[in-house]
Amino acid sequence: MGFRFLHAADIHLDSPLRGLGRYEGAPVEEIRNATRRAFVNLVDLAIDERVAFVLLAGDIYDGDWRDYNTGLFFVEQAARLGREGIRVYLISGNHDAASQISRTLRYPDNVHVFPVDRPDTVRLEALGVLIHGQGFAARVVSDNLATGYPQGETGWLNIGMLHTSLDGRPGHEPYAPCTVDDLRSRGYQYWALGHVHQREVISQRPWIVFPGNPQGRHIRETGARGCTLVTVTGGDIVEVAHSDLDVLRWSCGRVDVSGAGTPEDVLDRTGPVIEREFDQGGGRILALRLEIVGACDAHGALHAAPDRWRQQIRAQSLSFGSLWVERIRFDTRPSGAENQAPEGPLAALLGDLDELVPDEEDLVRYASEFAELRRKLPPDLFAGEDVPDPATAQAVKALLDDARALLADRLLSRGTGE
């Protein structure tokens, strides 16, 4: 006998959009509804694939809610699964534990919520499956929950559900830490993990899987997002496959403009990158950040009028109806040719600029002074694209290099009559 089940985590329904409103042209409503639409896609997939059950490994919600609408939406979608005979097994994650409303919300009969004070086991006799799980009782769980899970039973397909950072993952708090050996020692065939938003198959013997979140929420969550579909035949797991669910995809395109002589040459290189990223989005709304990098003669002109060239680049994206350029970062540097000054007074002046390079001690002092100044200034001054923020000595040096290149470009342009 064969069946399938679906493993998802980190839904973060109605995750707030912090600071999105300051971006001109942002598809705010599309992004605001993206987590809900991705969850609808998850439910549709479960129904279309006729899965036996759905596992939700924590963080269904995103902390405390403003009202009940978020919870009611989840109940509505869970009820859709119930009408198709599909059961849902869920554990609470750190964000769920922060919600007051979710603790009192009544779920449909097809939803089983694992306890938070101890591991528990659900027996699915008809399928020969044991599901073991424990949720978070509080937002911060520093204990190793895995060691308290029961040993797997012979003759059953044992599945463990756990919200955990394992032995640590960049960008994620070290909640419910444990090791891969801790999980293997339980004798389960599949571990359905949550908390880490990037899909990752940790092991295949046994299967230890982070499915990633179904919908990226910001530019640090780029690429395809979805869930994991598991196929079981004769009591053995025979396939573990990713399925895309996201309705809006975040992407970062890197444009190498090394050797570009003019800003127009830069435009010639950004167009193909925009087209490539759009095609890889598979028809979804695409939120694209462009990073323009490389040593080029165009550096000075780009930094002399950055807004002008950003708008030119954005204009290239207008032919792609469902693409939004989230940000454009110019991270170029002067080329050798750009640094070749003419003879005469301009050469002497540019030579003096080269000598005005502060040492490391000065750079550290400038960064400290700016940090003190920033604390006294309104936060709105630091909104927008490529706002100077010399918080480190390296950042201060980069700003000074840009200023030097900008001044040199202006001087050379005037010197040649342009």
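Before any of the text, the structure's been laid out above.
The structure displayed is predicted, hence computed values, not measured ones.

Participant: What exactly am I supposed to notice about the overall build of the protein here?
Facilitator: Helices and strands together make up the secondary structure of the protein, namely eleven helices and 15 strands. Across the protein, the fraction of contacts at a sequence separation of at least 24, relative to all contacts at a separation of at least 6, is 72%. Carbon and sulfur atoms make up 48% of the accessible area of the protein, which totals about 20,200 Å².

Participant: Can you walk me through helix H3 (residues 69-83) in this structure?
Facilitator: Think of an α-helix as turning once every 3.6 residues; residues three or four places apart then point the same way. Here H3 spans 21 Å end to end across 15 residues, near enough to the 21 Å set by a 1.5 Å rise per residue. Looking only at H3, the buried set comprises Thr 70, Gly 71, Phe 73, Phe 74, Val 75, Gln 77, Ala 78 and Leu 81. Of the surrounding secondary structure, the elements contacted by the buried residues of H3 are helix H2 (34-48), strand E2 (53-57), strand E3 (87-91) and strand E4 (111-113). Of the residues flanking the end of H3, it is Gly 85, one or two places downstream, whose phi is positive at about 75°.

Participant: What am I meant to see in the pattern of salt bridges here?
Facilitator: Think of it this way: side chains of opposite charge can pair up when their charged atoms draw near. All chains considered together, the criterion is met by 16 salt bridges. In this structure, Glu 221 and Arg 217 form a salt bridge, with 3.6 Å as the shortest nitrogen-oxygen distance. Residue classification places Glu 221 among the buried positions, given a relative accessible area of 6%. Where Arg 276 meets Glu 277, a salt bridge forms, and the shortest distance between an N and an O atom there is 2.8 Å.

Participant: Can you walk me through the environment of Arg 225 in this structure?
Facilitator: Within the fold, Arg 225 resides in the loop between strand E10 (207-210) and strand E11 (226-233). Once the C-alpha coordinates of Arg 225 and Val 247 are considered, the two residues, 22 residues apart in sequence, prove to be 9.1 Å apart.

Participant: Would you explain the packing of helix H6 (residues 263-280) against helix H8 (residues 306-317) in this entry?
Facilitator: Packed helices, taken two at a time, are described by their axes: the angle between them and the distance between them. Running from N to C, H6 and H8 point in directions that differ by 35°, and their axes come no closer than 10 Å. The element H6 and its partner H8 pack so that their crossing is right-handed. Touching Pro 263, Glu 264, Leu 267, Thr 270, Gly 271 and Ile 274 of H6 are Trp 309, Gln 312, Ile 313, Gln 316 and Ser 317, all from H8. Here the residues of the contact of H6 with H8 are counted per class, giving five nonpolar, five polar and one charged.

Participant: Please explain the nonpolar core as it appears in this structure.
Facilitator: A general feature of soluble globular proteins is that nonpolar side chains tend to end up buried together. Among the nonpolar cores identified, the biggest contains 28 residues, and Leu 6, Phe 39, Leu 42, Val 54, Leu 56 and Phe 74 are the most heavily contacted of them. Of all the elements in the fold, those that place two or more residues in this core are strand E1 (2-8), H2, E2, H3, E3 and E11. Non-local contacts of Val 54, meaning those with residues more than four positions away in its chain, are made with Leu 6, Leu 42, Ala 46, Leu 81, Ile 86, Arg 87, Val 88 and Tyr 89. Within the second largest apolar cluster, 24 residues are counted, among which are Phe 53, Tyr 190, Ile 237 and Val 240.

Participant: Could you clarify how one ought to interpret unusual backbone geometry in this entry?
Facilitator: Trans is the common state for peptide bonds, and a negative phi is the common state for residues other than glycine. With omega at -5°, the peptide bond leading from Arg 205 into Pro 206 counts as cis. Mapped onto the fold, Pro 206 is located in the loop between strand E9 (200-204) and E10. Even without a glycine there, the phi angle at Asp 10 is positive, about 55°. Along the chain, Asp 10 turns up in the loop between E1 and helix H1 (28-32). At His 195, a position not held by glycine, the phi torsion is positive, near 110°. Inspection of the secondary structure puts His 195 in the loop between strand E8 (190-194) and E9.

Basis of the calculations
- Sequence order as written defines the numbering, with residues in each chain counted from 1.
- Whole-chain, interface and lining totals are the exception, using all residues; otherwise, since this is a predicted model, local features are given only for residues with pLDDT of at least 70 and side-chain atom pairs are given and counted only at 80 or more.
- Side-chain metrics rest on all non-hydrogen atoms present in the structure, leaving aside hydrogens and water.
- By the criteria applied, helices consist of DSSP H or I runs no shorter than four residues and strands consist of E runs no shorter than two, each listed in order from the N terminus.
- Throughout, a residue-residue contact means that at least one pair of heavy atoms, one from each residue, lies within 4.5 Å.
- Note on areas: Shrake-Rupley with a 1.4 Å probe; residue coverage comes only from the protein chains shown.
- Helix span, as expected, comes to 1.5 Å for every residue beyond the first.
- The classification of residues rests on relative accessible area computed with a 1.4 Å probe and restricted to protein chains. Under 20% of the type maximum is buried, over 50% is exposed, and intermediate values are partly exposed.
- Salt bridges are defined by distance alone: a side-chain nitrogen of Lys or Arg within 4 Å of a carboxyl oxygen of Asp or Glu.
- Axis definition: a line fitted to C-alpha atoms, limited for helices to the stretch in contact. Angles are taken between N-to-C directions and run from 0 to 180 degrees.
- Definitions for this section: a left-handed crossing has its near helix turned counterclockwise from the far helix by less than a right angle. A right-handed crossing has that turn clockwise.
- Charged means Asp, Glu, Lys or Arg here, nonpolar means Ala, Val, Leu, Ile, Met, Phe, Trp, Tyr, Cys or Pro, and polar covers whatever is left, Gly included.
- The definition of a nonpolar core used throughout is a set of buried Ala, Val, Leu, Ile, Met, Phe, Trp, Tyr and Cys residues joined through side-chain atoms within 4.5 Å.

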